[in-house]
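A structural walkthrough
Spelled out from the first residue to the last, the chains are:
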Amino acid sequence: MKHSVFLTSLLACWLFGVGGCTTTELTPLAPPAPFLPPYLKVAHPAGYDLGDLRAIFLEKDAPTPDSLKDCDADFMKLRTLSVSVEEREVGAREIIKQDPVRTHWCFFSKLLEVEDTIVSPKSFIDERQKKVLDAYLFLVPISKAFMAEYKDSRYYRWTIRYYRRISESVFFKRVEISAPVTAELVEVTTPNGFPKEERPSRTVLDRYGLGGRQPASVTPSSTPVLPMPNPVASAAPPVAPPAAPEGILGLDVPPPNSTEALIEPEASPVPTPETAASPTPVAIPVAQPSPTP
């Protein structure tokens, strides 16, 4: 009996710390620090108005517009070197991982360049349309790369809201958000803060010598065969921009300079001297004898 009482008190002491037991107080472990991308430390627009956009460039650490004039050169060069949509998407993600802070400022500076061109009384309508199209060839992939890499949809929402705002005055047509775009925005349920795996040894930017890194030396046998631009298609005169380029945001109309322009129509066979010399047989009608009555 005494033995059972002793075991019961010992068990209660061990489980609940009652009686005259002594326990060691343990310090709880601190939770791991969340992963915060470096671009979150710089100024972001407080809203989606143009005043909010211009305000971030008045901050103390904001770069000057002249230093961001050619900030999209790497991605635009990648567009000329590769016709693969997948490679362009991967290249955009590599660009923001290399320098997310500079890409952040580059994104919003291109929006301001478009706005300054639109409001300028010296610009014609064709200049405004071309400026919007050229800028959105960079803005849309980069904004989607931020959303895919850091789960941050603010850049993509800026591209959509601003395009809808200027569409009526620049392209004379009102556009609405399509169902696939709405689904993309709804699926982004988490904010920022997921660590990503390290870059592979050979990336899309390395393959084309972009992004400030020299391509790795490879032997001729392991050099990948890349698609080269078609010289015949590149020599063709430029096509005028469409009147309502909704396809640039994922709608039905494809954007200009798409891969369809690089497809050359099949040429008809060139006749050889032998086939040219031989006459083409012609069917000659033969008179049939009339039936005897």
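This report concerns the structure included in the present document.

Further remarks concern the overall build of the protein chain. The number of helices and strands found in the protein chain is eleven helices and zero strands. For the protein chain, the N- to C-terminal ordering of α and β elements is α-α-α-α-α-α-α-α-α-α-α. Across the 293 residues in the protein chain, those meeting the buried criterion constitute 30%. Here the contacts in the protein chain between residues at least 6 apart in sequence split such that 76% fall between residues at least 24 apart. By element, 61% of the accessible surface of the protein chain is carried by carbon and sulfur atoms, the whole surface being about 20000 Å².

A few words on the state of the cysteines. Chemically, a disulfide is nothing more than a covalent bond linking the sulfur atoms of two cysteines. The tally for this structure, following the rule as stated, stands at one disulfide. Disulfide partner of Cys71: Cys106, at an S-S distance of 2.0 Å. Sign of the S-S torsion, about 80° for the bond between Cys71 and Cys106, identifies this disulfide as right-handed. You can see Cys71 sitting in the loop between helix 2 (50-55) and helix 3 (73-81) and its partner Cys106 sitting in helix 5 (residues 100-119), a full 35 residues away along the chain.

To continue, consider the nonpolar core. Counting residues in each nonpolar core, the largest one holds 44 residues, and the members touching the most others are Phe107, Phe108, Leu111 and Val132. Those elements that place two or more of their residues in this core are helix 3, helix 4 (85-98), helix 5, helix 6 (125-150), helix 7 (154-170) and helix 9 (204-207). Ranked by residues supplied to this core, first place goes to helix 6 with eleven residues. Grouped together as the second largest cluster of nonpolar side chains are five residues, Met147, Tyr156, Val181 and Leu185 included.

Checked against the element boundaries, Ser167 lands in helix 7. Of the residues examined, Ser167 reaches a relative accessible area of 2% and is grouped as buried. A polar side-chain atom of Ser167 sits 2.5 Å from the main-chain carbonyl oxygen of Lys173.

Phi at Lys151 is positive, roughly 60°, even though this residue is not glycine. Position of Lys151 among the secondary structure elements: in the loop between helix 6 and helix 7. Notably, Phe172 is not glycine yet its phi reads approximately 60°, a positive angle. Here Phe172 lies in the loop between helix 7 and helix 8 (179-187).

We now examine the pattern of salt bridges. Under the criterion given, the structure shown has nine salt bridges. Between Lys110 and Asp72 there is a salt bridge, with the nearest N and O atoms lying 3.7 Å from each other. Residue Lys110 is located in helix 5, and its partner Asp72 is located in the loop between helix 2 and helix 3; the two are separated by 38 residues in the primary sequence. With respect to class, Lys110 is no different from Asp72; both count as buried. The salt bridge partner of Arg154 is Asp152, with a shortest N-O separation of 2.8 Å. Since its relative accessible area comes to 3%, Asp152 is described here as buried. A cluster of three or more residues bridged by salt bridges with shared partners is formed by Asp72, Lys110, Glu113 and Lys131.

Under the 1.5 Å per step criterion, the end-to-end length of helix 5 is 29 Å for 20 residues, consistent within 8% with the ideal 28 Å. When you tally the buried positions in helix 5, you get 14 out of 20 residues, the bulk of the element.

In this section: the packing of aromatic side chains. Within the structure shown, the criterion is met by 14 aromatic pairs. Centre to centre, the rings of Tyr39 and Tyr150 are 5.4 Å apart; their planes meet at 50°, and the pair counts as tilted. Here Tyr39 is found in the loop between helix 1 (2-16) and helix 2, whereas its partner Tyr150 is found in helix 6, with 111 residues between them in sequence. Taken as a pair, Tyr39 and Tyr150 share a single burial class, namely buried. Relative to Trp158, the ring of Phe108 lies with its centre 6.2 Å away and its plane at 85°, an arrangement referred to as edge-to-face. One end of the pair, Phe108, is in helix 5; the other, Trp158, is in helix 7, with 50 residues separating them in the sequence. The class for Phe108 is buried, based on a relative accessible area of 2%.

Cut-offs used in this document
- The residue numbers shown here count from 1 along each chain, following its written sequence.
- Only residues with pLDDT of at least 70 are given local features in this predicted model, and only at 80 or more are side-chain atom pairs given and counted; all residues enter the totals for whole chains, interfaces and linings.
- Based on all heavy atoms of the structure, the side-chain values leave hydrogens and waters out of the count.
- Strands here mean DSSP runs of E at least two residues long; helices mean DSSP runs of H or I at least four residues long; both are numbered from the N terminus.
- A 1.4 Å probe rolled over the protein chains alone gives each residue an accessible area, and that area as a share of the maximum for its type sets the label: buried under 20%, exposed over 50%, partly exposed in between.
- By the convention used here, residues are in contact when the closest approach between their heavy atoms is within 4.5 Å.
- Each accessible area is a Shrake-Rupley estimate made with a 1.4 Å probe; only the visible protein chains count as cover when residues are assessed.
- In plain terms, two cysteine sulfur atoms within 2.5 Å form what is called a disulfide here.
- For this analysis, a nonpolar core means a set of buried residues of the types Ala, Val, Leu, Ile, Met, Phe, Trp, Tyr and Cys, connected via side-chain atoms within 4.5 Å.
- By the criterion applied in these results, polar contacts are pairs of N or O atoms within 3.5 Å in which, for protein atoms, one can donate a hydrogen and the other can accept it, and in which residues neighboring in sequence qualify only through two side-chain atoms.
- Only one rule defines a salt bridge in this text: a Lys or Arg side-chain nitrogen within 4 Å of an Asp or Glu carboxyl oxygen.
- One less than the residue count of a helix, multiplied by 1.5 Å, gives the span that helix is expected to have.
- Stacked, tilted and edge-to-face are the three classes applied to pairs of Phe, Tyr and Trp rings, where Trp contributes its six-membered ring and a pair requires centres within 6.5 Å; stacked means planes under 30 degrees apart, edge-to-face means over 60, and tilted covers the rest.

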